[in-house]
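This is what each chain is made of:
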Amino acid sequence: MNDKVRGIILKQSDYRDSSVLLTVLTREYGRISLIAQGARKPTSKNARSLMPYTETEFNFDYKENKTIFRMRSVSTIAFYRRLYEDLDASLASALLCEVTDQLTAEDQDHQQTEFFYDLLQEALKMLGEGKRTDIVTAVFLANVLEHNGMGPAVDACVLCEKPEAYSISPEDGGFLCRDCAEKAGVRPYSIQELRQFRLINKASLTHYDILADRIEDAGEDIELLVRFFTLHGGIDLRSYELYKRMRIVEPQGVK
Ligand SMILES: [Zn+2]
């Protein structure tokens, strides 16, 4: 296999000797594992191209029935310094890459791979440019839930379909009307909270400016969306706890 392949590095870990093991999302092969030999040697020129959250172009030896491949040459396509220097952006990137890692696989259906590649590429670029991590993260999570059939119902009560919003219930899968919320013993949400959650679930990253203008903080929305992943996808996002803790210590806008 001599063709050049592009990929976004989702994570990196140390491997035998001075090598690293990379998890990389590609359009052609889905999510694959690659070994970059000698990458931890002080003389390695590839360190930057192998960093998580970086988009790279590389050659590798593809063999059917193998699960780990050897990387041969690599060069950087997109590298965002901010994703390593700004803690907020760094932890958000880790969360986005964890979601992608969990919901993609090798040789997967093309449509899922393309969806994640385009969304993650754009989200990392925006975080790299210093866009607000709460907005980018919330829209990313909402888009992924929607694409995977787990999206919150935000047009009517999820239980009785009455076009009324009074509360949000991740357990039930979306908005609840007053009657259903009271029966379920779920607390009411303010009109602002309901509108904001709906807006995020209807938006794409191209709506960033509108969202940044209207939303003061999307931390609660992210909390709710993460619960949808847990409850409806059985997906436990470990990097979320760190991101959340950092945002409590250092809220958006205060820096
Ligand atoms: Zn109802």
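Reading the values: rules and limits
- Residues numbered from 1 in each chain as written.
- Predicted model: local features only at pLDDT ≥ 70, side-chain atom pairs only at ≥ 80, totals over all residues.
- Heavy atoms only, no water.
- Pairing = 2+ DSSP bridges.
- Helix = DSSP H or I, 4+ residues; strand = E, 2+ residues; numbered from the N terminus.
- Axes fitted to C-alpha atoms, helices over the stretch in contact; angles between N-to-C directions.
- Contact = heavy atoms within 4.5 Å.
- Buried < 20%, exposed > 50% of the residue type's maximum accessible area, 1.4 Å probe, protein only.
- Parallel < 35°, antiparallel > 145°, perpendicular 65-115°, else oblique.
- Left-handed = near helix turned anticlockwise from the far one by under 90°.
- Nonpolar A, V, L, I, M, F, W, Y, C, P; charged D, E, K, R; others polar.
- Donors = N, O, S within 2.8 Å, 3.2 Å for Na, K, Ca; no water.
- Tetrahedral: all angles 85-135°; square planar, octahedral: opposite > 155°, others 65-115°.
- 1 Å grid on protein atoms, 1.4 Å probe; cavity = no way out; pocket = protein on both sides within 12 Å on 5 of 7 lines; lining within 4 Å.
- Points joined across faces, edges and corners; volume = space filled by probe spheres on them.
- Phe/Tyr/Trp six-rings, centres within 6.5 Å; stacked < 30°, edge-to-face > 60°.
- Lys NZ or Arg CZ within 6 Å of the ring centre and 35° of its normal.

Draft legend 1. Expanded view of the sheet that holds strand S1 (residues 5–14). With mixed pairing, the five strands of this closed barrel are ordered in space as S1-S2-S3-S5-S4. Across the sheet, the axes of successive neighbouring strands diverge by a mean angle of 55°, strand direction being ignored. Pairing geometry for strand S3 (residues 30–36) and strand S5 (residues 68–78), over three bridges, is parallel. Bridging from a neighbouring strand, Ile35 pairs with Arg70 of S5. Against the sheet, helix H3 (residues 110–128) makes contact with S1, strand S2 (20–26), S3 and strand S4 (55–60), and its axis sits at roughly 75° relative to S1, the strand it touches most.

Draft legend 2. Representation of unusual backbone geometry within the structure. Not every positive phi belongs to a glycine, and Asp17 is a case in point at roughly 55°. Along the chain, Asp17 falls in the loop between S1 and S2. The phi dihedral of Glu161 is positive, around 65°, even though this residue is not glycine. Counting through the fold element by element, Glu161 comes out in the loop between helix H4 (133–147) and strand S6 (167–169). Residue classification places Glu161 among the exposed positions, given a relative accessible area of 66%.

Draft legend 3. Region of interest: the packing of helix H2 (residues 87–103) against helix H9 (residues 238–249). Where H2 meets H9, the axes come as close as 9 Å, and the angle between the chain directions of the two elements is 160°. Judged by the inter-axis angle, H2 sits roughly antiparallel to H9. The chirality of how H2 crosses H9 is left-handed. Counted together, Leu87, Asp88, Leu91, Ala92, Ala94, Leu95 and Glu98 of H2 and Arg238, Ser239, Tyr240, Leu242, Tyr243, Met246 and Arg247 of H9 form the full contact between these two elements. Per-class residue counts for the contact of H2 with H9 are nine nonpolar, one polar and four charged.

Draft legend 4. Summary view of the coordination of the zinc ion. For the zinc ion, every protein donor is listed as Cys157 (SG), Cys160 (SG), Cys177 (SG) and Cys180 (SG), and the spread of their distances is 2.2 to 2.3 Å. Geometry at the zinc ion is tetrahedral, judged from the four donor atoms that bind it and their angles of 102 to 115° at the metal. Coordination of the zinc ion draws on donor residues from a single chain, spaced C-x2-C-x16-C-x2-C in sequence. In this structure, Cys177 and Cys180 share a single accessibility class: buried.

Draft legend 5. Geometry of the layout of surface pockets. Here the largest pocket defines a volume of roughly 270 Å³. In this structure, the largest pocket is lined by Tyr15, Arg16, Asp17, Ser19, Ile35, Gln37, Asp61, Lys63, Lys66, Ile68, Phe69 and Arg70. Examining the composition of the lining of the largest pocket, we find that three residues originate from one element, S5, more than from any other. In terms of residue class, the lining of the largest pocket is built from four nonpolar, two polar and six charged.

Draft legend 6. Highlighting the packing of aromatic side chains. Enumeration according to the criterion identifies 10 aromatic pairs in this entry. Aromatic side chains Phe60 and Tyr62 sit 6.2 Å apart centroid to centroid with 85° between the ring planes, which places their arrangement in the edge-to-face category. An aromatic cluster is defined as three or more aromatic residues linked by ring pairs; in this entry it consists of Tyr29, Phe58, Phe60, Tyr62 and Phe69. Its end group placed over the ring of Phe79, Arg48 keeps NZ or CZ at 4.4 Å from the ring centre. Cation over ring: Arg187 sits above Tyr189, and NZ or CZ is 3.8 Å from the ring centre.

Draft legend 7. Region of interest: the environment of Gln108. Tracing the chain through its elements places Gln108 in the loop between H2 and H3. Judged by its relative accessible area of 25%, Gln108 falls in the partly exposed class. Here the alpha-carbon distance between Gln108 and Tyr29, two residues 79 residues apart in the chain, equals 7.4 Å. Those residues within four positions of Gln108 in sequence are excluded, and the remaining contacts are Leu103 and Thr113.

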